[in-house]
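A closer look at the structure
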Amino acid sequence: MNLAPPLRRVLAKRYLHLTLLGRNQRGPLTFDGWYPRDHKPGPYPENDEQRRAAATKYGIRPEDYKPMNKDDPIKYAGDYPDFGVVTFDHKDPYEDYSDRQMRRNWGEMVSIDMMRYRPDRLTFTGLNEEDYTYWGHFTIMARVLVPMLVLTYLFTQSDPNIFRWQNPAMPKQYPYDFARAFPFGDPRDYPIKNYSFDLE
Amino acid sequence: MGTKLSVSLEGALSPETAPRTDRPPTFDPQAGFERPRKERVMKATWEEMEQFRLKPGQRDYCAHHLIDLMKCQTKNAPFAGHACDDQRGAWDKCEYDDHLMRIKEYERERRLLHRQQRKEHA
């Protein structure tokens, strides 16, 4: 389903409120899941008093408080505030944070998409599909596999006369011909005269 | 000694002047030297080698060093540690020099074969 984002938003918008009927609920409040009881967001604030209470609960100013849109089936989250897109890169790099790796102070309110915009992620939207090309895919694989195959071919040649990396050397010189005496002869019957490179 | 890949490629490309490494040299050992070469002598006797039960591959021109090493090891047994390092080093050096001689023999054989080919084609 690779729809363009604006089209997806239009199609995903609900035109009939079925949340109250308990069906077609989506978003983080539709399932009893991993929320500790006190961490689950409360119901959508209807009047100003509830809005103030919710703002106090979340530790932000009432004028800054803005809950998620009730009609948005994906992001609707009761009275959890909507901060927009807040990423690691948006924040001031020179401020003295208590959690420097995440650029967040202790007790600072996080947006509901915090895990999506973590600093250790490379991209927020997944792979850039328009940057993918078949040729690029092939190149990335080939530049590893082709040298691997070439070197495998070179190193598995069984012909001993080519690609010899050792210093080539004549056979070892022994004082007696052991091979000729094998198995029952005495090697002392077959001595060999060998010479060194020292001159007299 | 600089004869790694170049010599083996040369041997693969022109096999008729490549020395055979599975058999002894084919030329006269004394050819080309202004004075005669010294003969290699065994310093360990056959009886000593039998006594220490050396394998046939160990009964070469470095066996006397190996026998010294074994004597030192039996003297300092069971924990010789670094007590026999001198003898071990002497044996290793002798074996290394023997290997260098093998490489030199190969190089001598190679040059004599090239020379032979030059004389045939001259």
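A brief report on the enclosed structure follows. Keep in mind that this is a model prediction, so the values were computed, not measured. (Residues numbered from 1 in each chain as written. Chains lettered and ligands numbered in written order. Predicted model: local features only at pLDDT ≥ 70, side-chain atom pairs only at ≥ 80, totals over all residues. Heavy atoms only, no water.)

**Re the overall build of chain A**
We count it as follows: Helix numbering and strand numbering both begin at the N terminus, where a helix is a DSSP run of H or I of at least 4 residues and a strand a DSSP run of E of at least 2. Only protein chains enter the accessibility calculation, which uses a 1.4 Å probe; a residue is then buried when its area is under 20% of its type maximum, exposed when over 50%, and partly exposed in between. Only heavy atoms matter for contacts: two residues are in contact if any of them lie within 4.5 Å across the pair. Here the accessible surface of atoms and residues is derived via Shrake-Rupley with a 1.4 Å probe, and residues count as covered only by protein chains that are part of the display.
Helix and strand counts for chain A stand at four helices and one strand. Listed N to C, the secondary structure of chain A is α-α-α-α-β in terms of helices and strands. A burial count over chain A gives 20% of its 200 residues as buried. Contacts in chain A between residues at least 24 apart in sequence constitute 36% of all its contacts with a sequence separation of at least 6. Taken as a whole, chain A presents about 15,800 Å² of accessible surface, with 58% of it coming from carbon and sulfur.

**What to know about the environment of Arg 52 of chain A**
Note on placement: Arg 52 of chain A falls in helix α2 (residues 48-58). Given the relative accessible area of 46%, Arg 52 of chain A is considered partly exposed.

**Side note on helix α3 (residues 134-155) of chain A**
Selection criterion: To estimate the expected span of a helix, count its residues, drop one, and scale the result by 1.5 Å. What we call the bend at a residue is the angle made by axes fitted to the seven residues finishing there and the seven residues starting there.
If you check α3 of chain A, its first and last C-alpha atoms are 31 Å apart, about what 22 residues at 1.5 Å a residue would give, namely 32 Å. Along α3 of chain A, the largest kink reaches about 35 degrees and is centred on Ala 142 of chain A.

**Considerations on the pattern of salt bridges**
Residue and element names in this part refer to chain A. Defined as follows: Take a side-chain nitrogen of Lys or Arg and a carboxyl oxygen of Asp or Glu: if they are within 4 Å of each other, that pair is a salt bridge.
Counted under the stated rule, the structure contains 25 salt bridges over all chains. Between Arg 61 and Asp 64 there is a salt bridge; the shortest N-O distance is 3.0 Å. The exposure class of Arg 61 is partly exposed, given its relative accessible area of 49%. Since its relative accessible area comes to 45%, Asp 64 is described here as partly exposed.

**Some details on the state of the cysteines**
Residue and element names in this part refer to chain B. Quick reminder of the rule: Pairs of cysteine sulfur atoms within 2.5 Å are what we label disulfides.
Counting across every chain of the model gives two disulfides over all chains. Each disulfide pairs two cysteine sulfurs, and for Cys 62 the partner residue is Cys 94, the sulfurs being separated by 2.1 Å. Residues Cys 62 and Cys 94 are joined through a disulfide that is left-handed, its torsion about the S-S bond being -85 degrees. In this pair, Cys 62 sits in the loop between α2 (46-51) and α3 (63-75) while Cys 94 sits in helix α4 (residues 85-121), placing the two residues 32 residues apart along the sequence. If one numbers only the bonded cysteines of chain B, in the order they occur, the disulfide pattern is 1-4, 2-3.

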